[in-house]
Amino acid sequence: MKQILILLTPVLLMSGGSFITQKEYAAQLYKNPRGIGCQLCHGEKGEGRVIANYVHKKKEKSFVGPAINNLDFQTFYKALNVRKNAMPRYFLTDEEIEALYLHIHQNESIKMGEEENVSRSSKSL
Ligand code: HEC
């Protein structure tokens, strides 16, 4: 037992600080959210993408994951908490939904850490 502890000590010390940044965490969550990755249906940056083309009653059709990089937080949040037709249900926490939203909007200057957008939108839910 002692030996194991000695072996583990450096690992434990290294993990004392924050392991990965919030940004890295959100990027990972987007690709691996306890289910299939959002990018498979919504594109790497939430820009939307065609998931499959198929023929139905002799007409060509596409099954599309809509763009999700143009939604306000409230719409985004709601969409992840209701039953959808084709999209899997994820049961994400509020923090996870927030992180995903920030990930998709990382190149824009929205301030969510200050809770302004979040509290305003959750009040009107
Ligand atoms: C299997 C494909 C698939 C995956 C994986 C997926 N989605 Fe979706 N998503 C869809 C489809 C299709 C819709 C359109 C509504 C419907 O038919 O379900 C949608 C709708 C949405 C909407 C609402 C869009 C709007 O305009 O209201 C949001 C937000 C969203 N998805 C976010 C996510 C996030 C975040 C993830 C990862 C946690 C994710 N989706 C994973 C297929 C997917």
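The rules we used
- Each residue is numbered by its place in its chain's sequence as written, counting from 1.
- pLDDT decides what is reported in this predicted model: residues at 70 or higher carry local features, side-chain atom pairs at 80 or more are listed and counted, and totals for whole chains, interfaces and linings draw on all residues regardless.
- A run of H or I in DSSP becomes a helix once it reaches four residues, and a run of E becomes a strand once it reaches two; helices and strands are each numbered from the N terminus.
- By the convention adopted here, residues are in contact when the distance between their C-beta atoms, placed from the backbone, does not exceed 7 Å.
- Near, for a residue, is defined by distance from a backbone-placed C-beta atom to a molecule or strand, with 6 Å as the limit that must not be exceeded.
- Note that Gly is not counted as nonpolar here; it falls among the polar residues with everything else outside the nonpolar set of Ala, Val, Leu, Ile, Met, Phe, Trp, Tyr, Cys and Pro and the charged set of Asp, Glu, Lys and Arg.
- Counting other C-beta atoms within 10 Å of a residue's own tells you its class, since 20 or more makes it buried, 12 or fewer makes it exposed, and anything in between is partly exposed; those C-beta atoms are placed from the backbone.
- Under the definition applied here, buried Ala, Val, Leu, Ile, Met, Phe, Trp, Tyr and Cys residues are grouped into a nonpolar core through C-beta atoms within 7 Å.

A. The arrangement of the environment of His-103 in detail. Relative to the elements of secondary structure, His-103 occurs in helix α5 (residues 94-104). With 78 residues separating them along the chain, His-103 and Tyr-25 place their C-alpha atoms 9.2 Å apart. Filtering out sequence-adjacent residues up to four positions away, His-103 remains in contact with Ala-26, Ala-27 and Tyr-30.

B. Seen up close, the site of the ligand. In the neighbourhood of the ligand, 21 residues make up the surrounding shell, with Cys-38, Cys-41, Ala-79, Lys-84 and Met-87 lying closest. Looking at the shell around the ligand, the elements with two or more residues in it are α3 (39-42) and α4 (73-79). Partitioning the shell around the ligand into residue classes produces 16 nonpolar, four polar and one charged.

C. Region of interest: the environment of Cys-41. With respect to the helices and strands, Cys-41 occurs in helix α3. Overall, Cys-41 belongs to the partly exposed group, with 19 C-beta atoms counted inside 10 Å. Cys-41 sits 24 residues away from Gly-65 along the chain, and the two C-alpha atoms are 4.8 Å apart. Beyond its immediate chain neighbours, meaning those up to four positions away, Cys-41 contacts Ile-51, Gly-65 and Met-87.

D. Highlighting the nonpolar core. The biggest cluster of nonpolar side chains holds twelve residues, and these are Ala-26, Tyr-30, Cys-38, Ile-68, Phe-76, Tyr-77, Leu-80, Ile-97, Ala-99, Leu-100, Tyr-101 and Ile-104. Of all elements in the fold, only α2 (22-31), α4 and α5 reach the threshold of two or more residues within this core. The leading source of residues in this core is α5, at five residues. If near-sequence neighbours (up to four positions away) are discounted, Cys-38 is found in contact with Tyr-30 and Pro-33.

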